[in-house]
Amino acid sequence: ELFTAPERLDKHNKFSCGSCGKQVRGLKQLSIHSAPPSLVLHLKRFRVGFYGKINAHVAFQTQLNLRPYLSDASEEEGANYQLTGALVHLDRFNIAHY
């Protein structure tokens, strides 16, 4: 939900109006235009400015309905996915090898 939640553009993060050039308040929201046949998700779990990985537990369901995250323009009725695999990289020595 956080990925597609509306983001307020104000204070130091205002939107630049294309017609008048002024900095104005606004809302920005990301959505997915269409659901792909296969969906691969990659969680970035690295700390910014630090070595090592964030090792907090991540819980997830084995099924995902992508429809609530699709744009209003999308005509797809359903976008249901079934988990078929998960890869967990254990970083025991805080050594990046990517």
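A short tour of the structure in this document, coming up. (Residues numbered from 1 in each chain as written. Predicted model: local features only at pLDDT ≥ 70, side-chain atom pairs only at ≥ 80, totals over all residues. Heavy atoms only, no water.)

Side chains of nonpolar character tend, in soluble globular proteins, to be buried together. The biggest cluster of nonpolar side chains holds 6 residues, and these are Ala-35, Leu-66, Tyr-69, Leu-70, Ala-79 and Tyr-81. What Leu-66 contacts, discounting residues up to four positions off in sequence, is Ile-32, Ala-35, Pro-36, Leu-39, Ala-79 and Tyr-81. (Core = buried A, V, L, I, M, F, W, Y, C linked by side-chain atoms within 4.5 Å. Buried < 20%, exposed > 50% of the residue type's maximum accessible area, 1.4 Å probe, protein only. Contact = heavy atoms within 4.5 Å.)

Let's shift gears to the side chain of Thr-4. Within the fold, Thr-4 resides in the segment before β1 (7-9). Among the residues examined, Thr-4 registers a relative accessible area of 11% and is labelled buried. Ignoring sequence-local partners within four residues, the contact set of Thr-4 consists of Gln-29, Leu-30, Ser-31 and Tyr-69. (Helix = DSSP H or I, 4+ residues; strand = E, 2+ residues; numbered from the N terminus.)

A few words now on the pattern of salt bridges. Using the criterion set out here, one finds 1 salt bridge in the structure. Residues Glu-7 and Lys-28 are paired through a salt bridge, measuring 3.5 Å at the closest nitrogen-oxygen approach. One end of the pair, Glu-7, is in strand β1; the other, Lys-28, is in strand β4 (residues 26-28), and 21 residues separate them in sequence. (Salt bridge = Lys/Arg side-chain N within 4 Å of Asp/Glu carboxyl O.)

Take it as geometry only, folks, not as evidence of what the structure does.
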